[in-house]
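Observations on the model geometry
Read off the chains here:
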There are 6 protein chains.
Amino acid sequence: MKFISIGEILARFSPQNFEKIVQADSYNLHFGGAEVNVAVSLANLGVDTSVFSVVPKNTLADASLRYLKSHGVDTKHIKRGGERLGLYYLEEGTSIRPSEAVYDRKYSSISQVDSNSIDFIEILKEYQWLHISGITPALSENCRILTEKALKAAKSLNLMVSFDPNFRSKLWDFETARDVLSRYMQYVDVLVGIEPIHLKDGNGKELKEGLSMNPNFDTMDYIFKKLNEKYNFKVIARTVREMHSSSNNSLKAFLHVNGQTFDSKKIKFDIVDRVGGGDAFTSGLIYALMEHFEPQKTVDFATASSAIKHTIRGDANITSREEIERLLGSGFEIKR
Amino acid sequence: MKFISIGEILARFSPQNFEKIVQADSYNLHFGGAEVNVAVSLANLGVDTSVFSVVPKNTLADASLRYLKSHGVDTKHIKRGGERLGLYYLEEGTSIRPSEAVYDRKYSSISQVDSNSIDFIEILKEYQWLHISGITPALSENCRILTEKALKAAKSLNLMVSFDPNFRSKLWDFETARDVLSRYMQYVDVLVGIEPIHLKDGNGKELKEGLSMNPNFDTMDYIFKKLNEKYNFKVIARTVREMHSSSNNSLKAFLHVNGQTFDSKKIKFDIVDRVGGGDAFTSGLIYALMEHFEPQKTVDFATASSAIKHTIRGDANITSREEIERLLGSGFEIKR
Amino acid sequence: MKFISIGEILARFSPQNFEKIVQADSYNLHFGGAEVNVAVSLANLGVDTSVFSVVPKNTLADASLRYLKSHGVDTKHIKRGGERLGLYYLEEGTSIRPSEAVYDRKYSSISQVDSNSIDFIEILKEYQWLHISGITPALSENCRILTEKALKAAKSLNLMVSFDPNFRSKLWDFETARDVLSRYMQYVDVLVGIEPIHLKDGNGKELKEGLSMNPNFDTMDYIFKKLNEKYNFKVIARTVREMHSSSNNSLKAFLHVNGQTFDSKKIKFDIVDRVGGGDAFTSGLIYALMEHFEPQKTVDFATASSAIKHTIRGDANITSREEIERLLGSGFEIKR
Amino acid sequence: MKFISIGEILARFSPQNFEKIVQADSYNLHFGGAEVNVAVSLANLGVDTSVFSVVPKNTLADASLRYLKSHGVDTKHIKRGGERLGLYYLEEGTSIRPSEAVYDRKYSSISQVDSNSIDFIEILKEYQWLHISGITPALSENCRILTEKALKAAKSLNLMVSFDPNFRSKLWDFETARDVLSRYMQYVDVLVGIEPIHLKDGNGKELKEGLSMNPNFDTMDYIFKKLNEKYNFKVIARTVREMHSSSNNSLKAFLHVNGQTFDSKKIKFDIVDRVGGGDAFTSGLIYALMEHFEPQKTVDFATASSAIKHTIRGDANITSREEIERLLGSGFEIKR
Amino acid sequence: MKFISIGEILARFSPQNFEKIVQADSYNLHFGGAEVNVAVSLANLGVDTSVFSVVPKNTLADASLRYLKSHGVDTKHIKRGGERLGLYYLEEGTSIRPSEAVYDRKYSSISQVDSNSIDFIEILKEYQWLHISGITPALSENCRILTEKALKAAKSLNLMVSFDPNFRSKLWDFETARDVLSRYMQYVDVLVGIEPIHLKDGNGKELKEGLSMNPNFDTMDYIFKKLNEKYNFKVIARTVREMHSSSNNSLKAFLHVNGQTFDSKKIKFDIVDRVGGGDAFTSGLIYALMEHFEPQKTVDFATASSAIKHTIRGDANITSREEIERLLGSGFEIKR
Amino acid sequence: MKFISIGEILARFSPQNFEKIVQADSYNLHFGGAEVNVAVSLANLGVDTSVFSVVPKNTLADASLRYLKSHGVDTKHIKRGGERLGLYYLEEGTSIRPSEAVYDRKYSSISQVDSNSIDFIEILKEYQWLHISGITPALSENCRILTEKALKAAKSLNLMVSFDPNFRSKLWDFETARDVLSRYMQYVDVLVGIEPIHLKDGNGKELKEGLSMNPNFDTMDYIFKKLNEKYNFKVIARTVREMHSSSNNSLKAFLHVNGQTFDSKKIKFDIVDRVGGGDAFTSGLIYALMEHFEPQKTVDFATASSAIKHTIRGDANITSREEIERLLGSGFEIKR
């Protein structure tokens, strides 16, 4: 099954050694972006993957392509042009100090691209799975059109479509996001995360309003069923994260498939690099679905994939299937 | 309200990556010193601050001044002269291994300065708040005279005077410290920390003797009241630290103001850099007092200021008021 | 004499250890910008300096202000606002491999600022010297208006005005630059560098056309005199650089003052950091003029100031007057 | 009491900053090897120590000898020759991600050495204590012969002999290891760790089979007594490790001496460097036995020695007796 | 034109900051190998390239494949198996101190491979150019057979075959190398470097004996013609290196094509990383031949390709055609 | 022949990457001291060496002893006590920027030692060669007495005594140095360097006054003969250094032995680490004299020893005899 994702390649500059931005003079550079992370993580699981994006003609963008290629991600659909590579500065938090992102991604190449210049039928026809996140339409009006065109093309070609709403309050407001993203849901087979998707009851009241950050099984089962009534997804999944501190979290997940809800075991972990944790859940989920794992194994595998990502530097989960499965079986001794 | 502190600028050399001194060949350099840390932390909260100190005429001392200036601390009252900048080597502990300081601060410029050459009335007249700690008089006989002169001048100019006794057993013995510091208490408005200040009952017995490291509210209330009977402070505050390990502590604080005692919530945290944790409590306290926070918010703000400092590299709390308040409200997600 | 410069604060990200951008994953961050460099370098020579600029409200911009303050540069005239801090990626060349800059400075805060919101009379009135470079008007139409307003205000307040044309081909074309910059010359007292300023003979032919990169004394004397006939500068200076390789250059300079031309001795040097080399010439020149050095010492001092900058990491010449003068007298032994 | 150990000097290359091997381009190098670690740790406790080994004639091997000498370990019995220094790549795990070792130690100099060329009587005669581990015979057939010859020589010279079975599944299989190592037990006085030593009941069933990873006191007492019935050791000791995660463990130990069993207090700790943790137990034990500590102090001291090692970079426990004893008394404040 | 090379992937560990191996504790890791370097360098020039090799199944070998893929080199013909990845430690010299390599490549996977398991017809059929060097047959008898089989298959498929004799005295002796390599010459179209190939006159005397390290044009012309008489190459090329120091060299080259000899201009350069300098000559040469450059441009381009490699960290020349051509036109100013 | 030197162990803190002290926040630590460097360098040549010194009882001093032991230097005569380890900050210059040392060595343990507590007869009796430099008596009056006592003891025991006057203007003035050091000359066999030793003609005029920094052979021959007339040395040697820049020097040397003068070839080199360059000349000279090299080889070997040291990080020449001899034969190719 060949996979493609569509999204922005982002450069991340992080001060070294947990320094604050205001005091740092050396930075690590990582490449990522939500959809890119899913592709790279899937490639590490052995899936044939590709990314569609737009990056400028400069050496920093060249470096981002080298990163993708090093993981075996096909870059042939990445267009070169526009003015700049989106970037952000990430001050990595630890303990009681939260991480803080300074965005500098406006005017990026993909946000300015004219979607008329892109023939998504031509691009997508050799793939069986498309993944997009809600960050792409948040970038610009151009990107909203581009996202919709891509989703429609995918549907017409019968690709499996997964979508992670991924709301970013620094990019757009919640109301707009909800309206735009909900419109896309008709093209989506696999929904990863449930916010900010419209789910109104008969009186126009949002059913998810007031939902606990840590909902119980019955509540999630109820919400999933309501979502499916409305949008008719094949699969819905979401994670629930407890943040004991910036560097210690617990994660569990819920999965809804064939009318049934499953929940994973909860995993607690210290954090080496928080970025891409959610994307590693998505990649684990897509992989499990591609491999037709049982639902229980699917939700456990996706959760373990996410958990282990938090212990790895960089945005992507460069972990093999064997390593993820070993975590499910646990055991922390040095292998020697 | 313009603030000045008086104290030694110390260079700290720490092995990188938690190496032991006996094995290290690369070191990080940080500048600090208890009173300097309070000034730099206050400057980061937006207070107009200055430091009085004495440093030699060499480029290492120049670097220490650059550090102060980078945070907006006024250096115009820092005298140049003497033989050396005080320094210490700090082996940073972690987990069950404690940190260890090798002092090399003897013969430092400030310890040798002739206090007759300093006109504290002239220096202090443009400030409204003076802070000193018990480390300064511990440095040398010269510094004891200097401290007393400064306190008297401050009093005569009607400055608010805060004092942190900060006992250091490698610099002087407990008895001497207690006698000297207790004599200064007549000039002090805000006392931060209660040891090693004399507090005898009618029989000449020290009331604080045998006081638990983790006293309860009533005990602290009693001690505070007794201290105030004797010394008539405006404010007394102290922290109580539980050391679960060298890299994980809990902190809470008690505050006595207007005859009433308040205690903060307890904050537990992992430690990135332990140095300056106490000074960040002091800076948080002074800021809260300057801003006329309510007593409960004052003690919580000062405790949060101290806690968050432990997650920041360097001696000072380079954290904004907003970030400290956010910690009080908690939430550890990446801001993006 | 109080000095102010107007210009953009730029962040520079450079791969560590001479790596190429395409292979780098750790970067050093330096702050600079042509006019900023002149201010910081002058501050290191002991001059009271200030910078006017516009930077966004984020922590990276905070860091840039900390940099200025650490050198004692006054930041009170730096406005906060706009979308982004201009930045560039610098691949540092060495030997036969040239350095390469990837600009990402479009849409920076200063380039978007509305010059109507700035009262330059109010800002400049406490200074005696204004410095601007040709990079500022190259940033945007807004900045061209801003530059002209600043120059006019300076003139009306009788400030000494120095100007470095500093042509950047990645920002605008030569013809536009020449037209715009030449118009500013009426406000300029000290011109540093002679391109791309109009200098036509009677037939409208550019006299500097075809001028050797390494002109002799008589040619420079002739050009200077012609320039002065037309623009009536107080001082003209320029450097001539021979590039033996990316890491080894020679530098000499010519100075025209009171109708007379002087040339410096030539200095050959290996390069640690090329950026800011020209700005260090300017700062050396301005300092020498402020201190009323003799013309020969002026041109030698400015040249040595530039040469020594090439051996220092960062954009600015953090070298004292004594160190520059020692270079003129030479001697390379360790001082111990 | 002069101590000598026999074993392989191993080079360990570990990616920096917890990177995975697949992404790393800079590595830290540490020297070690189980028996070497015991010698270096004992030297740090003040014992006169030596190592017998074989390393090739190249500069990497020279570096390994410099390491030994820096700790005062005598290297005069280290032979030079053979083809290569054994090495391994260690991907350091953290949190829920386990460490992983890639061995590249085949064909190492010691594994190829002809034991006929070695006169162990001559070598061992000036020592009172010999230590070997089960890794040495696991390296090659040559090394099995060498180990046996050394043990016999030690016995004939009346040295105290300690042995750590140290089973490594990547080097040999459990059955072979058990057979070979059990044969050596007749020469052993102090056994550190009980697997994979034969301990059959009358029916030929292994008594240790099915033994809990976390056995209780009575079970250990029973096993120790049975072992002593069979092999007649002077001392048996073993640690029990609970792995809460790759970076947080608890450790306790059991000791059997003079027919009596003792257990240590349990110590929980975060891990800076896991390698050599077991060897630091052995060195602590040997030191305590050499110093004739009481049994309870012996087992506590050895356990604390192991625990503190986990907080130190490198393979050996470069901790003084005072520091280990301080841990037993606890207290995590900076010493200043 | 699709290119494939056959050879060993080598890991190189170099102490950081020009430290000697005897004192280093941190190392940089680079992947290379003569034939691999040619492939990676060609890929950076835009050629479709592949490598045939054998590497073990471990994560260090995985990392080597990631390196190849990051440059777009196809790794589908790289077999997994055998015991170890060949490696060496490189102490980088500088100035008057030479570099020194400690080889540890014996028993590497490719050296042990059974060439009967490889179907070179099947592998090579989709390529038009094969490159091998004399290092491969130096590794083992197996590799000599493998090399010959590959050369024969290439010939039968009509591939262009280039060969770099690349004599390594630490791997085999000169006489053996000369005999083995000379036998291969019948399959070679492009010879890069002329030693240690047999070239006897009528009396059996080696014509190249006593040849100056710095031969003049006529001598080279004569040797080239004699070589062609004997072996009938399409192209012969060689470089001549003058070593002014370990960190400063000059390079020029001679090319013989269509019966005519050409020599390049000489380029002098400082050295950042010496490894792969020769391979970058080969890649430049092959690229020029593929692109049908004129002979003079061919030899200049190849020489510039080699020269610029010496300024780049890592084994391969990650330089574009434009950058190489720019060097031929020179100019060392920052491009901004 | 067993060697001992007497002197101060100095810690050197240098900013990394050629940063200036005023901007650095990470430092490398090296241990050295002129006499220590000679001992360590000789140990690397295979000589049995020891150092007499006094260092405080702290972990930084422990680290300095580990450094000595790692090179095989015997530390049994190093006394523990006093207040501090002498140290200095070295800003490493490059190109036209000179290095600059900030001394902080006052009150060091050795400078305060009471020489009555030392029995030099007891210490020196097992050695055949003693080396001291003029830095030791420059430290304090105590050290002057100590130096004289040591020299007398050595003489009485018939040791070969070498002395390097090593004038340091930051420690004492030239006149005092000359008077004190000249008095020691009666005990000296081998003088290394000729300043600031008294050499007056009949009229009391200093013969060396006005001597060129780059004297010719005849001048040196004359001076040497005059020195020998007065002091009756066995050997006199001195180097002549030309400083083309802070990072490029040339070195040659003159040797006087048995009434004859010899000069070495001149070696030009780039500098990685300048410190200890002179001490490596001394160690090369002493080694050559111990090995009874011919005079010409002696002076060439000592000069090469010094030259190669400049390419090695750290204070000592960790170079083997073979490597030094290879430099004399030259050749800069990688050994592989």
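The model shown is predicted, which means the values in this text are computed figures rather than measured ones.

Take the overall build of chain A next. Scanning chain A from terminus to terminus reveals eleven helices and 14 strands. What you see for chain A is a C-alpha radius of gyration of 19 Å, in line with the 20 Å of a compact globule of 336 residues. In terms of overall dimensions, chain A has C-alpha extents of about 50 × 50 × 40 Å along its principal axes. Expressed as a percentage of the 336 residues in chain A, the buried residues total 57%. If you take every contact in chain A between residues at least 6 apart in sequence, the share linking residues at least 24 apart comes to 69%.

Moving on, we get to the relation of the copies chain D and chain E. Of the transformation placing chain D onto chain E, the axial shift is 0.0 Å and the rotation is 180°, giving an RMSD of 0.0 Å. In the structure described here, the two chain copies are related by an operation that fits a two-fold rotation axis. It is D:Tyr27 whose C-alpha, among those of chain D, lies nearest the rotation axis, at 2.6 Å. When the interface residues of chain D are mapped onto chain E, 100% of them are again interface residues, pointing to one common binding face.

On to the interface of chain A and chain C. Taken together, the 23 residues of chain A in the interface contact 23 residues of chain C. Among the secondary structure elements, those contributing two or more residues to the side of chain A that touches chain C are strand E3 (26–32), helix H2 (59–70), strand E6 (87–91) and strand E7 (100–104) of chain A. The element contributing the most residues to the side of chain A that touches chain C is H2(A), with five residues. In terms of residue class, the side of chain A that touches chain C is built from eleven nonpolar, four polar and eight charged.

So, on to helix H2 (residues 59–70) of chain C. All names here are of chain C. The end-to-end C-alpha distance of H2, which contains twelve residues, comes to 16 Å, matching closely the 16 Å that a straight helix rising 1.5 Å per residue would cover. Within H2, nine of the twelve residues are buried, leaving the element largely enclosed by the surrounding structure. Immediately beyond the C-terminal end of H2, within one or two residues, lies Gly72, with a positive phi of roughly 80°.

The omega torsion across A:Glu195 and A:Pro196 is 0°, close enough to zero to call that bond cis. Although it is not a glycine, B:Asn232 sits at a positive phi angle of roughly 60°. Along the chain, the position of B:Asn232 falls in the loop between helix H8 (217–231) and strand E11 (235–245). Using a count of 11 C-beta atoms within 10 Å as the deciding quantity, one classes B:Asn232 as exposed. Even without being a glycine, D:His292 presents a positive backbone phi close to 55°.

Right, let's talk about the packing of helix H10 (residues 295–309) of chain B against helix H11 (residues 321–329) of chain B for a bit. Residues and elements named next belong to chain B. Running from amino to carboxyl end, H10 crosses H11 at an angle of 100°, the nearest separation of the two axes being 9 Å. As far as their axial angle goes, H11 and H10 are roughly perpendicular. Side by side, H10 and H11 meet where Asp300, Phe301, Ala304, Ser305, Ala307 and Ile308 of the first sit next to Glu323, Ile324, Leu327 and Leu328 of the second. Partitioned by chemical class, the residues of the contact of H10 with H11 number seven nonpolar, one polar and two charged.

Let us now look at the sheet that holds strand E3 (residues 26–32) of chain B. Note on sheets: strands pair through backbone hydrogen bonds, and any given pair is parallel or antiparallel. An order of E7(B)-E6(B)-E2(B)-E3(B)-E3(F)-E2(F)-E6(F)-E7(F) is seen for the eight strands of this open sheet, with the pairing classed as mixed. Taken across any chain shown, the strands that pair with only one partner, and hence form the sheet edges, are strand E7 (100–104) of chain B together with strand E7 (100–104) of chain F. Neighbour-to-neighbour, the strand axes of the sheet open up by a mean angle of 30°, direction not taken into account.

Strand order across the open sheet formed by eight strands is E7(D)-E6(D)-E2(D)-E3(D)-E3(E)-E2(E)-E6(E)-E7(E), with mixed pairing between neighbours. Every interior strand has two partners, whereas the edge strands, strand E7 (100–104) of chain D together with strand E7 (100–104) of chain E, have only one. Neighbour-to-neighbour, the strand axes of the sheet open up by a mean angle of 30°, direction not taken into account. Sheet topology places strand E2 (residues 10–15) of chain D next to strand E6 (residues 87–91) of chain D; three bridges connect them, and they run parallel. Bridging across to E6(D), D:Ala11 finds its partner in D:Leu87.

Contacts between the two partners involve 23 residues from chain D, matched on the other side by 23 residues from chain E. Here the element with the most residues in the side of chain D that touches chain E is helix H2 (residues 59–70) of chain D; it accounts for five residues. Relative to strand E3 (residues 26–32) of chain E, strand E3 (residues 26–32) of chain D runs antiparallel, the two being bridged by three bridges. Looking across to E3(E), one finds that D:Asn28 is bridged to E:Ser26.

What separates chain C from chain D at the closest point of their C-alpha atoms is a distance of 10 Å, and the two make no contact. Contact between chain B and chain E is absent, and the minimum C-alpha spacing across the pair is 10 Å.

All right, on to the packing of helix H8 (residues 277–290) of chain C against helix H9 (residues 295–309) of chain C then. All names here are of chain C. One way to put it is that H8 packs onto H9 with a least axis distance of 7 Å and a crossing angle of 145°. Between H8 and H9 lies a crossing whose hand is right-handed. In this structure, H8 contributes Gly277, Gly278, Ala280, Phe281, Ser283, Gly284, Leu285, Ala288 and Leu289 to the contact, and H9 contributes Lys297, Thr298, Phe301, Ala302, Thr303, Ala304, Ser305, Ser306 and Lys309. Considered class by class, the residues forming the contact of H8 with H9 number eight nonpolar, eight polar and two charged.

Attention now moves to the environment of D:Ile324. Residues and elements named next belong to chain D. For Ile324, the location among the structural elements is in helix H10 (residues 321–329). For the pair formed by Ile324 and Lys309, sequence separation is 15 residues and the distance between their alpha carbons is 9.7 Å. Residue contacts for Ile324: discarding those within four places in its chain leaves Gly284, Phe301, Ala304, Ser305, Ile308 and Thr319.

Moving on: the pairing of strand E6 (residues 87–91) of chain C. All names here are of chain C. In terms of burial, E6 is largely enclosed, as four of its five residues are buried. Summarising the sheet, E6 and strand E7 (residues 100–104) pair through five bridges and their orientation is antiparallel. In the sheet register, Glu91 faces E7, and the bridge partner there is Glu100.

Per-residue confidence for chain A gives a mean pLDDT of 96, with 98% of residues at or over 70. Among the scores for the predicted complex, ipTM is 0.94 and pTM is 0.95.

Turning to the pairing of strand E12 (residues 248–257) of chain F, a few remarks are in order. Residues and elements named next belong to chain F. The element E12 is extensively covered by neighbouring structure, given that eight of its ten residues are classed as buried. Pairing of strand E11 (residues 235–245) with E12 involves ten bridges; the strand directions are antiparallel. Within E12, the residue paired with Glu242 across the bridge is Ser250. Between E11 and the antiparallel strand that follows it, E12, lie two residues. When E12 meets strand E14 (residues 267–270), the two strands line up antiparallel, connected through four bridges. By the bridge assignment, Asn248 is partnered in E14 with Asp270. Bridge count between E12 and strand E13 (residues 260–263): four bridges; the pairing is antiparallel. Among the inter-strand pairings, His256 is bridged to a residue of E13, identified as Thr261. The loop that links E12 with its antiparallel partner E13 comprises two residues; one of these, Asn258, has a positive phi angle of about 50°.

Let's shift gears to H8(B). Note that an α-helix has 3.6 residues per turn; residues three or four places apart therefore point the same way. Residue and element names in this part refer to chain B. Its 15 residues give H8 an end-to-end C-alpha distance of 21 Å, which sits within 8% of 21 Å, the value for a rise of 1.5 Å per residue. Taken together, the buried positions of H8 are Met220, Ile223, Phe224 and Leu227. Down the axis of H8, the buried set is contained in an arc of 100°. They therefore lie on one face. Facing away from the buried side of H8, by more than 90 degrees, are the exposed residues Asp218 and Glu229. Just downstream of H8 lies Asn232, where phi reads positive at about 60°.

Our next topic: the environment of C:Trp172. Residue and element names in this part refer to chain C. Following the sequence through the fold, Trp172 ends up in the loop between strand E9 (160–164) and helix H6 (174–184). For Trp172, a count of 19 C-beta atoms within 10 Å gives the class partly exposed. For the pair formed by Trp172 and Ala307, sequence separation is 135 residues and the distance between their alpha carbons is 28 Å. Beyond its immediate stretch of four places on either side in the chain, Trp172 contacts Ala138 and Ala177.

Tracing the chain through its elements places A:Asp270 in strand E14 (residues 267–270). Given 22 C-beta atoms within 10 Å, A:Asp270 falls into the buried group. Put simply, A:Asp270 and A:Thr59 are 211 residues apart on the chain and 35 Å apart in space, counted from C-alpha to C-alpha. Aside from chain neighbours lying at most four places away, what touches A:Asp270 is A:Ser247, A:Asn248, D:Thr94, D:Ser95 and D:Ser247.

Calculation notes
Residues numbered from 1 in each chain as written. Chains lettered and ligands numbered in written order. Predicted model: local features only at pLDDT ≥ 70, side-chain atom pairs only at ≥ 80, totals over all residues. Helix = DSSP H or I, 4+ residues; strand = E, 2+ residues; numbered from the N terminus. Rg over C-alpha atoms; globule rule 2.2 N^0.38 Å. Buried ≥ 20, exposed ≤ 12 C-beta atoms within 10 Å, placed from the backbone. Contact = placed C-beta atoms within 7 Å. Least-squares fit on C-alpha atoms with pLDDT ≥ 70 in both. Nonpolar A, V, L, I, M, F, W, Y, C, P; charged D, E, K, R; others polar. Expected span 1.5 Å × (residues − 1). Axes fitted to C-alpha atoms, helices over the stretch in contact; angles between N-to-C directions. Parallel < 35°, antiparallel > 145°, perpendicular 65-115°, else oblique. Pairing = 2+ DSSP bridges. Left-handed = near helix turned anticlockwise from the far one by under 90°. pLDDT = per-residue confidence, 0-100. Arc of directions from axis to C-beta.

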